[in-house]
Amino acid sequence: MRPQLLLLLLLLPLTLFLHTSKWETDAQEEPPPLPSYCSKYSKAYLPSIWTDLLPWSRGITHDMIKASARRWTMENRYPGIAVAFRGGQVFLFKRANLARTFKHHAKEAIIYLEVFQDLARRHGAGIPDIDLVLATNDIPAVNIANVPVEDNMTYLPQFRYCRSFENPNILVPVWQLYEFHYSKRFLQYIDTNFTDPPWELRAPKLYGRLGRWDRFVDPTSRRTYRHGMRTPRKWFTRWTKDLQDPRIDVKDLPYVPITEWRRNKYIMFVDGITFSSKLEKLMALGSVTMVEQSGYRSFYQMQLRPFEHYVPFWFERPQEALDALAWMMANDNEARQIARNAQLFAKEMLNKQALRCYWMTLFREYAKLFKYRPADVQYDTWISATEYLADFRVNKPNYTREWHTFANKTGFEFEDPFGLPEDA
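Residues numbered from 1 in each chain as written. Predicted model: local features only at pLDDT ≥ 70, side-chain atom pairs only at ≥ 80, totals over all residues. Heavy atoms only, no water.

Participant: Help me get a handle on the layout of surface pockets, residues and values and all.
Facilitator: Within this model, the largest pocket holds a volume of roughly 960 Å³. Lining of the largest pocket is provided by 34 residues; of these, Q176, F180, W213, S276 and S277 occupy positions nearest its centre. The leading source of residues in the lining of the largest pocket is helix α4 (residues 103-123), at four residues. Partitioning the lining of the largest pocket into residue classes produces 15 nonpolar, ten polar and nine charged. (1 Å grid on protein atoms, 1.4 Å probe; cavity = no way out; pocket = protein on both sides within 12 Å on 5 of 7 lines; lining within 4 Å. Points joined across faces, edges and corners; volume = space filled by probe spheres on them. Helix = DSSP H or I, 4+ residues; strand = E, 2+ residues; numbered from the N terminus. Nonpolar A, V, L, I, M, F, W, Y, C, P; charged D, E, K, R; others polar.)

Spelled out as structure tokens, the structure:
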């Protein structure tokens, strides 16, 4: 064999290795730096973000993204959207026919697109190029409890606003934080309206109006299937009615505005179909919240600590409420401090600036996992979110008058009504 040919054969594997290594390095190149205002939020958010991303720590391939988009978007009649960021602009890479899903899911999809557009306007090229699938269904799509231990399953990445530790999902802020003006209606009153009545004049009662949502429960779940869990709110209100304890005023109806709950020292939080977005509202009121340990969580709940931000109950049985109530009544100073800690957490970590930082931190960490360059791929569908939203305002689906009112709405809350340093 000629020496030149032998040398070529010897160098070929090394050449292929270097080429492959360069491709992988380029595909996972460092995303743009975070905005400077994120420094005070990012460190707190990262542990929960890393926890959510753990199932994909070995990388996210383009095949995984395409499979997720085929399965969990409106094109397959599932309430979800497939979104791409390119050069700081927002696109849809699967058709999102709102008429193919329920009205409330369609509304949530529009809100998230508005959120993405707001991020793009503020930070543009600071957002890495990524592809993602976001589902608006609060019922989990995958439960790892149903997967055999020996099965080395590859999970499909999916963004959504609630999960349990048995659901491999990537958590995002719930849409209600934008539509219902959480900062304007709750956070800005923490140090004014919500100090009245003062702690000493609040009724020493456990209070709540829970509503009548039933719980989605997978019987195979080790974390969310417990006594009374199929109808937790109904079960608890029936139990307290039979109990006739004058210290407890917890019912399903009639409806009472949440802001009025603050007239009591102790307020009750029980999750809904899965998780409930009521917790962040209750935390702002200055009363101590007794929180059901349902197994479901929102994007910020890993940062909350028991007996620092809330008092836990219902690990196994709802009757644990009596023990928690007894502790709060016997430890009035500690309960008062827990209530204040919850307010401070809500104002510092759930304002709109903090939410923007959460999204930007999540996108940055998510982008690091990509095994392909999003800018190099092409999709059959490619729709600008700007054009899609403009068309939606004109050609809204024919649902109801209420839906048409929403379709013309432009007042989603992206700014805080109280002073925070300008975004940088």
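Participant: Requested: an account of the state of the cysteines, with residues and values cited.
Facilitator: Per the stated rule, a full pass over the model turns up one disulfide. The disulfide partner of C38 is C357, and the gap between their sulfur atoms is 2.4 Å. You can see C38 sitting in the loop between α1 (3-27) and α2 (39-53) and its partner C357 sitting in helix α11 (residues 352-367), a full 319 residues away along the chain. With a relative accessible area of 0%, C357 lands in the buried category. (Disulfide = S-S within 2.5 Å. Buried < 20%, exposed > 50% of the residue type's maximum accessible area, 1.4 Å probe, protein only.)

Participant: Go over α4, please, and point to the residues and values.
Facilitator: Compared with the 30 Å implied by 1.5 Å per residue over 21 residues, the 30 Å span of α4 between its first and last C-alpha is a close match. The buried fraction of α4 is high, at 17 of 21 residues. Phi turns positive, to about 45°, at G124, one or two residues after α4. (Expected span 1.5 Å × (residues − 1).)

Participant: Pulling in residues and values, what's your account of the packing of aromatic side chains?
Facilitator: A ring pair, where both rings are aromatic, is described by two values, the distance of the centres and the angle of the planes. Overall, the coordinates contain 29 aromatic pairs when judged by the stated rule. Look at Y45 and Y358: their rings are 5.0 Å apart centre to centre, the planes differ by 90°, and that puts the pair in the edge-to-face class. Taken together, the residues span a long stretch of sequence, with Y45 in helix α2 and Y358 in helix α11 at a distance of 313 residues. On the basis of relative accessibility, which here comes to 0%, the residue Y358 falls in the buried class. Summarising the aromatic geometry, the rings of F85 and F116 are spaced 5.5 Å apart at their centres and angled 75° between planes, so their arrangement reads as edge-to-face. (Phe/Tyr/Trp six-rings, centres within 6.5 Å; stacked < 30°, edge-to-face > 60°.)

Participant: Before we move on, could you go through the sheet that holds strand β7 (residues 203-209) and cite the residues and values that matter?
Facilitator: With parallel pairing, five strands are arranged side by side in an open sheet as β8-β7-β9-β10-β12. The sheet is open, and its two edges are formed by β8 (248-251) and β12 (311-313), each paired on a single side. Pairwise comparison of adjacent strand axes, ignoring direction, gives a mean angle of 20° for this sheet. Bridge count between strand β9 (residues 264-269) and strand β10 (residues 288-292): four bridges; the pairing is parallel. By the bridge assignment, F269 is partnered in β10 with V291. Sheet contacts for helix α10 (residues 332-349): β9, β10 and β12; angle to β10, the most-contacted strand, approximately 80°. (Pairing = 2+ DSSP bridges. Axes fitted to C-alpha atoms, helices over the stretch in contact; angles between N-to-C directions. Contact = heavy atoms within 4.5 Å.)

Participant: Summarise α11; cite the residues concerned and give the values.
Facilitator: Here α11 spans 23 Å end to end across 16 residues, near enough to the 22 Å set by a 1.5 Å rise per residue. Taking the backbone nitrogen of Q353 as reference, a side-chain oxygen 3.0 Å away marks N351 as the first, capping residue of α11. (Polar contact = N/O pair within 3.5 Å; in protein donor to acceptor, adjacent residues only side chain to side chain.)

Participant: I'd like to hear about unusual backbone geometry, residue by residue, with values.
Facilitator: That bond from D196 to P197 is cis: its omega, 0°, falls within 30 degrees of zero. With respect to the element layout, P197 can be found in the loop between α6 (182-185) and β7. Note that the residue after L253, namely P254, is joined by a cis bond; omega there is 5°. Checked against the element boundaries, P254 lands in the loop between β8 and β9. Notably, F307 is not glycine yet its phi reads approximately 65°, a positive angle. Within the secondary structure, F307 is located in the loop between β11 (296-297) and β12. According to the relative accessible area criterion, F307 is partly exposed, its value standing at 44%. Phi at W314 is positive, roughly 60°, even though this residue is not glycine.

Any functional reading would require information beyond the geometric quantities listed.
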